[in-house]
Amino acid sequence: MRKKIVAGNWKMNKSKTEAVALAQDLLSADFDKTVDLLIIPPFLYASELAEACADSRVQVGVQNCSEHTSGAYTGEVSVSMIRSVGVSHVLVGHSERREYFGEQNAVLAQKVDQVLAAGLTPIYCCGEQLSEREKNNHFSLVKSQLEEGLFHLSAEAIQQCVIAYEPVWAIGTGVTATADQAQEMHAFIRQLLTDQYGESVAQAIPVLYGGSCKPDNAQELFANSDVDGGLIGGASLVASDFVAIANSF
Ligand code: PEP
């Protein structure tokens, strides 16, 4: 039985006061007991929020990490720093990192290695731009993102990872992939994992959907056999929406 996970990527939003208030709202909310809950605030708040959530079911992640271990990398944050403040998960290769910060699969593979070496969980993001889907190139694009960023891992290591499929055309646009489009790509990802690592490993890895997932479409998306939860952007900034999504299984 794979984990069900709902993760909220807060991106570059919220003041510290607002971030603490949102976390407090979530800590006092009633959640489906079978779902793993994760908030992914900006770096600056991760330490305080990890402390606030320490004895709760809400886990805390961060949105990025350095591919380097330590040293003269001004402005960067290493995985050992991240681990030291009680954070458990790291987003790797979100489409905004790929698009605005030029992160490519090779450097993302290094980040995945860093995260795993620190004993943390990488959430490796993949997904195509609209132009790739229009050219019917979306399957091969996602395949190369996985092969180049993740498939260097051993069977043991990849089972420590979570994958998030996020079609870029659905992120922050209000356009959601249909339940069928999501399932089709998730099944494709599961098949790639099976081809590379075998059935039992492939069946163990959670694959989340992200892209304009909201309370009114989460249930339909999560009902798919290969959709194991969601990576939620905009709707994770409103406690009641995030709770409703997490309770949509
Ligand atoms: C995201 O950025 O990971 C995301 C899925 O955003 P949104 O839910 O706002 O589309």
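The structure under discussion appears in the preceding block.
Calculation notes
- Residues numbered from 1 in each chain as written.
- Predicted model: local features only at pLDDT ≥ 70, side-chain atom pairs only at ≥ 80, totals over all residues.
- Heavy atoms only, no water.
- Helix = DSSP H or I, 4+ residues; strand = E, 2+ residues; numbered from the N terminus.
- Contact = heavy atoms within 4.5 Å.
- Polar contact = N/O pair within 3.5 Å; in protein donor to acceptor, adjacent residues only side chain to side chain.
- Near = heavy atom within 4 Å.
- Areas by Shrake-Rupley, 256 points an atom, 1.4 Å probe, with all protein chains shown as cover.
- Nonpolar A, V, L, I, M, F, W, Y, C, P; charged D, E, K, R; others polar.
- Core = buried A, V, L, I, M, F, W, Y, C linked by side-chain atoms within 4.5 Å.
- Buried < 20%, exposed > 50% of the residue type's maximum accessible area, 1.4 Å probe, protein only.
- Pairing = 2+ DSSP bridges.
- Axes fitted to C-alpha atoms, helices over the stretch in contact; angles between N-to-C directions.
- Right-handed = clockwise from strand over helix to strand, strands pointing away.

Moving on, we come to the environment of Ser88. Locating Ser88 in the fold gives a position in the loop between helix H3 (79–84) and strand E4 (89–92). Taking the C-alpha atoms as reference points, Ser88 and Ala246, separated by 158 residues in sequence, lie 19 Å from one another. Contacts of Ser88, omitting those with residues within four sequence positions, involve Leu38, Gln59, Val60, Leu120 and Thr121. Separated by 2.7 Å, the side chains of Ser88 and His89 make a polar contact.

What follows covers the site of the ligand. Within the structure, the ligand sits among 14 residues, and Lys11, His94, Glu166, Gly172 and Ser212 are positioned closest to it. Here Gly172 contributes a backbone N or O atom positioned 2.6 Å from an oxygen atom of the ligand. At 2.7 Å from an oxygen atom of the ligand is found a main-chain nitrogen or oxygen belonging to Ser212. Contact with the protein chains covers 98% of the free accessible surface of the ligand, which is 290 Å². Grouping the amino acids of the shell around the ligand by side-chain chemistry returns four nonpolar, eight polar and two charged.

Turning our attention to the nonpolar core. In terms of nonpolar packing, the biggest core is built from 69 residues, with Leu146, Leu150 and Ile189 touching the most fellow members. If you tally residues by element for this core, the top one is helix H9 (residues 179–197), at six residues. With residues up to four places along the chain from it excluded, the contact list for Leu146 reads Tyr124, Cys126, Phe151, Ile163, Ile189 and Leu192. Counting residues in each nonpolar core, the second largest holds eleven residues, with Ile40, Ile123, Leu208 and Leu231 among its members.

A few words on the sheet that holds strand E3 (residues 58–62). If you walk around this closed barrel you meet the eight strands as E1-E2-E3-E4-E5-E6-E7-E8, and the pairing is parallel. For this sheet the average axis-to-axis angle between neighbouring strands, irrespective of direction, equals 30°. Bridge count between strand E2 (residues 35–40) and E3: three bridges; the pairing is parallel. Bridge pairing in E3 links Leu38 to Gln59. Against the sheet, helix H2 (residues 43–52) contacts E2 and E3, and its axis sits at roughly 155° relative to E3. Where helix H7 (residues 138–149) meets the sheet, its contacts fall on strand E5 (121–126) and strand E6 (162–165), and the angle it forms with E5 comes to roughly 150°.

Turning next to the pairing of E2. Among the six residues that make up E2, five are buried, leaving the element largely enclosed by the rest of the structure. Across six bridges, the pairing between strand E1 (residues 4–9) and E2 is parallel. By the bridge assignment for E2, Gly8 is matched with Ile39. In this fold, the crossover linking E1 to E2 by way of helix H1 (residues 16–27) has right-handed handedness.

Looking now at the side chain of His94. Within the secondary structure, His94 sits in the loop between E4 and helix H4 (95–100). A polar atom in the side chain of His94 sits 3.0 Å from the backbone nitrogen of Glu96. At 3.4 Å, the side chain of His94 forms a polar contact with the side chain of Glu166. Leaving out residues up to four positions away in the same chain, His94 has contacts with Asn9, Lys11, Cys125, Glu166 and Ile171.

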